[in-house]
Number of protein chains: 2
Amino acid sequence: MTEKQVILSQRLSSWLIEDGDDRDVVISSRVRLARNIEGQPFPVYAQNAEIIELVAQVFSNGFLQMKMQDLTGLERALLVEKHLISPYLMSKSLHGAVLINEAEDVSIMINEEDHLRIQAMAAGLNLFKVLEGALEIDRKIEREIPLAFDQQLGYLTSCMTNIGTGLRASVMVHLPGLVKTKRIRKMIEAIRSVGFVVRGMYGEGSQPASDIFQISNQLTLGKTEEEIVEDLTQVIEQLIMQERVARTSLKQKFHILLEDRLYRAYGLLKNSRVISASESADAISDLRLGIELGYFEHIPREKMNELVLFSQPAFLRMVAEKDMTELEEKVIRASVIRTILGEE
Amino acid sequence: MTEKQVILSQRLSSWLIEDGDDRDVVISSRVRLARNIEGQPFPVYAQNAEIIELVAQVFSNGFLQMKMQDLTGLERALLVEKHLISPYLMSKSLHGAVLINEAEDVSIMINEEDHLRIQAMAAGLNLFKVLEGALEIDRKIEREIPLAFDQQLGYLTSCMTNIGTGLRASVMVHLPGLVKTKRIRKMIEAIRSVGFVVRGMYGEGSQPASDIFQISNQLTLGKTEEEIVEDLTQVIEQLIMQERVARTSLKQKFHILLEDRLYRAYGLLKNSRVISASESADAISDLRLGIELGYFEHIPREKMNELVLFSQPAFLRMVAEKDMTELEEKVIRASVIRTILGEE
């Protein structure tokens, strides 16, 4: 397989397998930096293909470069499902490209909303590590390419909301306890009131599925990178505590009824032959909770990330090696899920 | 264990384990003969305890005698669930008793609605065999005890509807195909129109559960025993054919959706921790169908009779060795079902 084939294969990126802090609640941490090249026009309609070569020169080693125009729609969708590119880069960019490192925990999008979107990811709650990873890439670029920077405003970006640090730090969390105890709405309100954003698994515009949420900073201006990451980390630590309390109270209050629900979800995933995205998402969330509560000791935690990722539409189409009807998609999804969980 | 303890234990009667004809549709065949002793009053309110000794003398070997008054309510309920006594004998008889042979395929109820109710059972469609078994018991009694018989009317019984042969032949069938294809109502109408009765699994007054039905003759007068059994056999053979056609058409029409439903039922039974009688009955029916359609080759057919029998209320109370709340019953039911199917 070529390197490209590997990235587009059924492989989990390192940040979905590694161990990390607070993995019972936090799936992953991510940081992205928005950057633009000085002297190049950066409203999106004026972007040009030359930028790709400019940036690619800096990362000739250890990074695979893929231009959107060279990829099929399916391959692009796959990269979105792997969180390696954004939906915007997939479908709207005129001269979009991406550079991805071998571990798949760093990706540099080119000609997204900004010339550069540097992204670093890690398992669990580890925002300082991913910030350091992203800044390292940033420094490497800055040594060779002058970036659009204003002494007073900071980094200049296409969209006003990114001006300053150009930093968006985000954390993907699994909150079944808060969802099932119906405390989630209040928690989301509280998080929003202190200036953070709560979204679904695939960021902007996506709905929360499998009780998975993404929490990120709203402000990019007026704080240092470290302050933004520190503040978000504190919010997440609060959330982790609340989620753990909710899980404990669920277990105490519902005991056998909760156990019943979690095992039924397992039985469903292990046996169904036709399953919709939303039904499997609910069951995967229950099974994930079950693993964290100690019910399914034979199932490693990483299997849950496999289940979530590989039951997405583009992955299913890649497995089937064809486009498919709604029913076929459900059949393949059920089959992929059974394979991951190990058939009897 | 004493012989009584064995009968009251978690053992399947022989007719629930043996092989038999048309077992894919027919669970069991049963014949009962109603008889009364000449010279003894037989309206139920005038029955007396002496009859028990009279009959017991004839069957001193190979039969276990149990008087209702010596049994707990739970033990009696257990005998009903094993189809060894009737609900009537369990709760309404003043001087009720039962004689049961070792294989548990012959039982003689004493002081039921009539002095004697002779019952023989076998696996699959085998009415002639059970008729012969019941008549053999009848002849044995008649050699020693004069029975109430009228040259013109035949055997005399408490209830008019049993006069003549005193014979009720019945067959327990599993009809998921006809139920799921919604042809069951028409079939039941057709069967009723030719003089047969369709009931639930536990006879008179019981609702069909797990898609299991009992079909029996209405008339006891004007036909010989052999004619009654022959006619019922013909009706059942028709029904078997119809059920097989329905199953084939289900499989062809719904294919993967049917397979999905059957496997989900299996997953549910194998994993649930809390399950109601009706939910488990539905799932057991689906699993039974799945086995007959060849989906679950590792599960022997007899397991289904175990599941049906051992998930009944009295059996669950025996397992728990105590009375229980509604929730406890569901928990024990789920646990018993998992044990029968073999936990992972």
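Residues numbered from 1 in each chain as written. Chains lettered and ligands numbered in written order. Predicted model: local features only at pLDDT ≥ 70, side-chain atom pairs only at ≥ 80, totals over all residues. Heavy atoms only, no water.

## Considerations on a nonpolar patch on the surface
Argument step 1. Taken together, the side chains of A:Phe254, A:Leu257 and B:Leu327 present a nonpolar region at the surface, about 240 Å² in accessible area.
Argument step 2. Along the chain, A:Phe254 falls in helix α8 (residues 225-271).
Argument step 3. Residue classification places A:Phe254 among the partly exposed residues on the basis of a relative accessible area of 35%. (Patch = residues over 30% accessible without salt bridge, like charges linked within 9 Å, V, L, I, M, F, W, Y side chains within 5 Å. Areas by Shrake-Rupley, 256 points an atom, 1.4 Å probe, with all protein chains shown as cover. Salt bridge = Lys/Arg side-chain N within 4 Å of Asp/Glu carboxyl O. Helix = DSSP H or I, 4+ residues; strand = E, 2+ residues; numbered from the N terminus. Buried < 20%, exposed > 50% of the residue type's maximum accessible area, 1.4 Å probe, protein only.)

## Notes on the sheet that holds strand β5 (residues 116-123) of chain A
All names here are of chain A.
Argument step 1. With antiparallel pairing, the eight strands of this open sheet are ordered in space as β2-β3-β4-β5-β1-β8-β10-β9. Whereas interior strands pair on both sides, the edge strands pair on one side only; in this sheet they are β2 (63-67) and β9 (196-199). Across the sheet, the axes of successive neighbouring strands diverge by a mean angle of 20 degrees, strand direction being ignored.
Argument step 2. Running at roughly 145 degrees to β9, helix α7 (residues 184-193) makes contact with β9 and β10 (212-217) of the sheet. (Pairing = 2+ DSSP bridges. Axes fitted to C-alpha atoms, helices over the stretch in contact; angles between N-to-C directions. Contact = heavy atoms within 4.5 Å.)

## Some thoughts on the interface of chain B and chain A
Argument step 1. At the interface, 19 residues of chain B touch 19 residues of chain A.
Argument step 2. A combined buried area of about 1,600 Å² lies between chain B and chain A, and 59% of that area is made up of carbon and sulfur atoms.
Argument step 3. Contact with chain A buries surface across chain B, with B:Arg264, B:Asn271 and B:Arg273 losing the most and accounting together for 35% of the total.
Argument step 4. Linking chain B with chain A are four salt bridges, by the criterion used here.
Argument step 5. Note that B:Glu259 is salt-bridged to A:Arg273, the shortest N-O span being 3.4 Å.
Argument step 6. Where chain B meets chain A, there are ten residue pairs in polar contact (both at pLDDT 80 or more).
Argument step 7. Within the residue set of the side of chain B that touches chain A, elements represented by two or more residues are α8 (225-271) and α12 (326-341) of chain B.
Argument step 8. The leading source of residues in the side of chain B that touches chain A is α8(B), at eleven residues.
Argument step 9. For the side of chain B that touches chain A, the residue count by class is nine nonpolar, three polar and seven charged. (Buried area = accessible area lost by both parts, 1.4 Å probe. Polar contact = N/O pair within 3.5 Å; in protein donor to acceptor, adjacent residues only side chain to side chain. Nonpolar A, V, L, I, M, F, W, Y, C, P; charged D, E, K, R; others polar.)

## Concerning the relation of the copies chain B and chain A
Argument step 1. Mapping chain B onto chain A leaves a residual RMSD of 0.0 Å; the transformation is a rotation of 180 degrees accompanied by 0.1 Å of translation along its axis. The transformation just described matches what one would write down for a two-fold rotation axis. No C-alpha of chain B lies nearer the rotation axis than that of B:Gly267, which sits 2.1 Å from it.
Argument step 2. A symmetric contact is evident, with 100% of the interface residues of chain B recurring at the interface of chain A. (Least-squares fit on C-alpha atoms with pLDDT ≥ 70 in both.)

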